[in-house]
Amino acid sequence: MADKCPVDHGSHSSDLSCPVDHKSRTTWASVLSGTSPAHPVNAPSLSTEREVSSIPRTDNGNWVYPSEAQFFAAMARKNHNPHAPDMKTIIPIHNAVNERAWSELMKWESGRGGEKCGGVKLVTFKGRPNDLTPKARLMTLLGYSAPFDRHDWVVERCGTRIRYVIDFYTGRGAGPSSNNVSFYLDVRPALDNWEGVKMRAENIWQDWFGSARSSNTPSQS
């Protein structure tokens, strides 16, 4: 069984670097934590149980998410003042967001033949919270909020590797008094090879001309 989660948000050097690294670790903590104590605290009774993700590896296993204790230790080691009770909130959200990222990625992969060779698998991953994508940079110039994190995931589909870019945005739930954190994920193939360019072009074609064709098709009823 693998000892890493799907995203390490930075370096691949350690299993415990999995949760979040550098600025990304601070950002996820500030987004998901209820409090931020002035000094690090001990981590009494934090769970060491780890959840197996639905994200396949290339070595016939699935990626495994960090435990509460691992997430806490990784943050404390970087002096990010983790709050132990917050781990019970952070871990499920961290895992759920990554599951959603994989689900959005698989929408792009649908119908592209990955099932013929055992399915699409996640090969490598990297967190790049300090590197805005061209799209995110453009959106911020237009007045939109910048993503709070960015990940690059490389998947393999029958011998073909495709890099996906994921921008993470956060907001609050509906209502003036809502404190519920909501997330929006912008997942798309990177434009650094022909496969990614082709997928993006096909998606634009389908959005523009597929919807137009559907709206112009007479009802069969």
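Placed above this text is the structure.
These remarks concern the structure in this document. Predicted model only: the values in this text are computed from it and were never measured.

Tallying secondary structure elements over the protein gives 5 helices and 6 strands in all. Ordering the α and β elements of the protein from the N terminus gives α-β-β-α-α-β-α-β-β-β-α. Classification of the 221 residues of the protein by burial places 40% in the buried group. Accessible surface computed for the protein: about 12,000 Å², of which carbon and sulfur atoms make up 53%.

W102, L122, W153, V155, Y164 and L185 are the most contacted members of the largest nonpolar core, which has 22 residues in total. Counting only elements with at least two residues in this core, the list comes to helix 3 (87-109), strand 3 (121-127), strand 4 (149-157), strand 5 (160-172) and strand 6 (181-189). In terms of residues, this core owes the most to one element, helix 3, which gives 5 residues. L46, M75, I90 and I91 belong to the second largest nonpolar core, which has 8 residues in total.

Another aspect to go through is the state of the cysteines. If you walk through the whole model with that rule in mind, you get 1 disulfide. Through a disulfide, C117 is tied to C158; the S-S separation comes to 1.8 Å. Taking the torsion about the S-S bond as the criterion, the C117 to C158 disulfide, at about -95 degrees, is left-handed. In this pair, C117 is assigned in the loop between helix 3 and strand 3 and C158 in the loop between strand 4 and strand 5, connecting sequence segments 41 residues apart. Given a relative accessible area of 35%, C117 falls into the partly exposed group.

Moving on, we get to the packing of aromatic side chains. Going through the model one piece at a time under the given rule, you end up with 5 aromatic pairs. Consider the rings of W63 and F125, whose centres lie 4.7 Å apart with planes at 85 degrees: the pair is edge-to-face. With W63 in strand 2 (residues 62-64) and F125 in strand 3, the pair connects residues that are 62 residues apart, well separated along the chain. This pair shows no difference in class: W63 is buried, exactly as F125 is. Linked through ring pairs, F148, F168 and F183 together constitute an aromatic cluster.

Overall, the coordinates contain 16 salt bridges when judged by the stated rule. Two residues, E109 and R157, come together in a salt bridge whose shortest N-O distance is 2.6 Å. Here E109 is found in helix 3, whereas its partner R157 is found in strand 4, with 48 residues between them in sequence. The pair E109 / R157 is uniform in exposure class, with both members buried. Put simply, D152 and R128 hold a salt bridge, and the shortest N to O gap is 2.8 Å. With D152 in strand 4 and R128 in the loop between strand 3 and helix 4 (134-141), this residue pair connects regions lying 24 residues apart in the sequence.

What counts and how
- Residues numbered from 1 in each chain as written.
- Predicted model: local features only at pLDDT ≥ 70, side-chain atom pairs only at ≥ 80, totals over all residues.
- Heavy atoms only, no water.
- Helix = DSSP H or I, 4+ residues; strand = E, 2+ residues; numbered from the N terminus.
- Buried < 20%, exposed > 50% of the residue type's maximum accessible area, 1.4 Å probe, protein only.
- Areas by Shrake-Rupley, 256 points an atom, 1.4 Å probe, with all protein chains shown as cover.
- Core = buried A, V, L, I, M, F, W, Y, C linked by side-chain atoms within 4.5 Å.
- Disulfide = S-S within 2.5 Å.
- Phe/Tyr/Trp six-rings, centres within 6.5 Å; stacked < 30°, edge-to-face > 60°.
- Salt bridge = Lys/Arg side-chain N within 4 Å of Asp/Glu carboxyl O.

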